[in-house]
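The primary structure of each chain is shown beneath.
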Amino acid sequence: KIKIKKMDNEIRRVNSFQQFENSNKLDKQSFFSYDLVTRFIVQKTQQIKQRREILVQKLNNEPFLRKIDIFAFAFGVFGILLTEAVVLKAPQYMWFYYTIVTIILLTARFFMYHKAKFHYFMLDFCYFNQIILLLYIFIFPSNAIFFELVFFLTHGPLAFAVVAWSNSLVFHDLDKITSVAIHLLPPLTTFCLRWFPVATFTDYGYTRVCKFDDCSISFADTIILPMSVYMMWQISYWMKTEVIDRSKIEKEKLVTSSIWLSNVRPHPFYSYLRKRGIKVRAAIILLGKIIIYL
């Protein structure tokens, strides 16, 4: 892809030189004759285009595999096996496994998304869930109310997002592997923290996962508190992307999830509402997310 980009730049330079020469700004009586220079430019352009076509064909052929694809395939297959082994054989260490995998994947995603101008995607709700889960693990491990909040958010909207946004496990695609991991590993982690505590966690305060001895919960615990936190995040996200950074996003042509779901790849729910006259992008995406997560 880098070679193709260089060839495109070279073609543009040759074409610009040809335009400059055709504008009679070049002295046709100088070093080369006009016809000779023209033939050279045409021949050079054709050669570059031929080399570019050959590279594009190689890039699109099945046997072609990038190193990142090979790494992603090995990482994906090994990750599935290792996740299964941790959950079944050592669930008490799932929090540690989750932390390592999440840091690796999200660091790689940040650099990949920043290069593609997709880094505003990392303000989405799924990444917010990663933050609050890590906060519970390392800062508030003895706060039962905080654990209940994290548990309901990860097992509710975060897990359901796998279906809502059509996540797929494609082993040779690091981006898709990351998407599946950040939606499914948090529910697995909170499940293991809830049902498989161990004595070694006591020193670190990992035993507080319930407010009461019988672990009973109320309607406010399951609906009102998680929904309140979600609405706080949604309002903050809207202010950041649609008000504070709106001019920056439009100027630098950055992509957010709202832009992606409305312009790049319109979601069926968005298309349905558009047909009924609702045309405000932010309002449509906000309404859709609230309905889905409820």
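Residues numbered from 1 in each chain as written. Predicted model: local features only at pLDDT ≥ 70, side-chain atom pairs only at ≥ 80, totals over all residues. Heavy atoms only, no water.

Per the secondary structure count, the chain includes 12 helices and zero strands. When the helices and strands of the chain are read in sequence order from the N terminus, they spell out α-α-α-α-α-α-α-α-α-α-α-α. For the chain, the proportion of its 294 residues judged to be buried stands at 37%. Put simply, 71% of the contacts in the chain that link residues at least 6 apart link residues at least 24 apart. (Helix = DSSP H or I, 4+ residues; strand = E, 2+ residues; numbered from the N terminus. Buried < 20%, exposed > 50% of the residue type's maximum accessible area, 1.4 Å probe, protein only. Contact = heavy atoms within 4.5 Å.)

Looking now at the packing of aromatic side chains. Throughout the structure, instances matching the rule amount to 17 aromatic pairs. Between the aromatic rings of phenylalanine 118 and phenylalanine 121, the centroid separation amounts to 5.6 Å while the plane-to-plane angle is 70°, which identifies the pairing as edge-to-face. Given a relative accessible area of 24%, phenylalanine 118 falls into the partly exposed group. For phenylalanine 121, a relative accessible area of 13% corresponds to the buried category. Plain terms: the ring middles of tyrosine 230 and tryptophan 233 are 5.6 Å apart, the flat faces sit at 40° to each other, and that makes the pair tilted. (Phe/Tyr/Trp six-rings, centres within 6.5 Å; stacked < 30°, edge-to-face > 60°.)

All right, on to the packing of helix 6 (residues 144-164) against helix 8 (residues 219-244) then. For any two helices packed against each other, the geometry is given by the interaxial angle and the distance between the axes. Two numbers describe how helix 6 lies on helix 8: the axes approach to 9 Å, and their chain directions differ by 85°. It follows from the interaxial angle that helix 6 and helix 8 lie roughly perpendicular. Packed against helix 6, whose contacting residues are Ile145, Glu148, Leu149, Phe152 and Leu153, the element helix 8 presents Asp221, Thr222, Leu225, Pro226 and Val229 at the interface. Here the contact of helix 6 with helix 8 is composed, by residue class, of seven nonpolar, one polar and two charged. (Axes fitted to C-alpha atoms, helices over the stretch in contact; angles between N-to-C directions. Parallel < 35°, antiparallel > 145°, perpendicular 65-115°, else oblique. Nonpolar A, V, L, I, M, F, W, Y, C, P; charged D, E, K, R; others polar.)

Moving on, we get to the nonpolar core. Grouped together as the largest cluster of nonpolar side chains are 33 residues, with contacts concentrated most on Tyr136, Ile137 and Leu185. Mapped by element, the contributors of at least two residues to this core are helix 3 (67-89), helix 4 (94-115), helix 5 (125-138), helix 6, helix 7 (174-195) and helix 8. With seven residues, the top contributor of residues to this core is helix 6. Listed in part, the nine residues of the second largest apolar core include Leu106, Tyr113, Cys126 and Ile182. (Core = buried A, V, L, I, M, F, W, Y, C linked by side-chain atoms within 4.5 Å.)

In this section: the side chain of threonine 241. Checked against the element boundaries, threonine 241 lands in helix 8. Threonine 241 gets classed as buried once you look at its relative accessible area, which sits at 3%. From its side chain, threonine 241 meets the backbone oxygen of tyrosine 237 in a polar contact 2.9 Å long. With residues up to four places along the chain from it excluded, the contact list for threonine 241 reads Tyr120, Leu123, Arg246, Ile249 and Thr256. (Polar contact = N/O pair within 3.5 Å; in protein donor to acceptor, adjacent residues only side chain to side chain.)

A word on helix 8. For helix 8, which comprises 26 residues, the first-to-last C-alpha distance of 35 Å matches the rise-based estimate of 38 Å (1.5 Å per residue) to within 8%. Within the span of helix 8, buried status applies to Asp221, Pro226, Met227, Val229, Tyr230, Trp233, Gln234, Tyr237, Thr241 and Glu242. (Expected span 1.5 Å × (residues − 1).)

The next point concerns the packing of helix 6 against helix 7. Following both chains from N to C, one finds helix 6 and helix 7 inclined at 145°, their axes separated by 8 Å at the closest point. Crossing handedness for the pair helix 6 and helix 7: left-handed. From helix 6, Phe147, Val150, Phe151, Thr154, His155, Leu158, Ala159, Ala161 and Val162 reach across to helix 7, where they touch Ile182, His183, Leu184, Pro186, Pro187, Thr190, Phe191, Leu193 and Arg194. Split into classes, the residues belonging to the contact of helix 6 with helix 7 amount to 13 nonpolar, four polar and one charged. (Left-handed = near helix turned anticlockwise from the far one by under 90°.)

A few words on helix 5. An α-helix turns once per 3.6 residues; consequently, residues spaced three or four apart project the same way. With 14 residues, helix 5 extends 20 Å between its outermost C-alpha atoms, agreeing within 8% with the 20 Å of an ideal straight helix rising 1.5 Å per residue. Taken together, the buried positions of helix 5 are occupied by Phe125, Cys126, Tyr127, Asn129, Gln130, Ile132, Leu133, Tyr136 and Ile137.

Another point: the pattern of salt bridges. Taken as a whole, this structure holds four salt bridges when the rule is applied. One salt bridge connects aspartate 175 with arginine 109, and the closest N-O pair in it is separated by 2.7 Å. Taken together, the positions of aspartate 175 in helix 7 and arginine 109 in helix 4 put the pair 66 residues apart, joining distant regions of the chain. When its relative accessible area of 27% is taken as the criterion, aspartate 175 is described as partly exposed. On the accessibility criterion, arginine 109 (3% relative accessible area) is buried. (Salt bridge = Lys/Arg side-chain N within 4 Å of Asp/Glu carboxyl O.)

A grouping of Ile235, Trp238, Met239, Val243 and Ile244 is seen on the molecular surface, where their side chains present a nonpolar patch of about 460 Å² in accessible area. Among the structural elements, isoleucine 244 can be located in helix 8. (Patch = residues over 30% accessible without salt bridge, like charges linked within 9 Å, V, L, I, M, F, W, Y side chains within 5 Å. Areas by Shrake-Rupley, 256 points an atom, 1.4 Å probe, with all protein chains shown as cover.)

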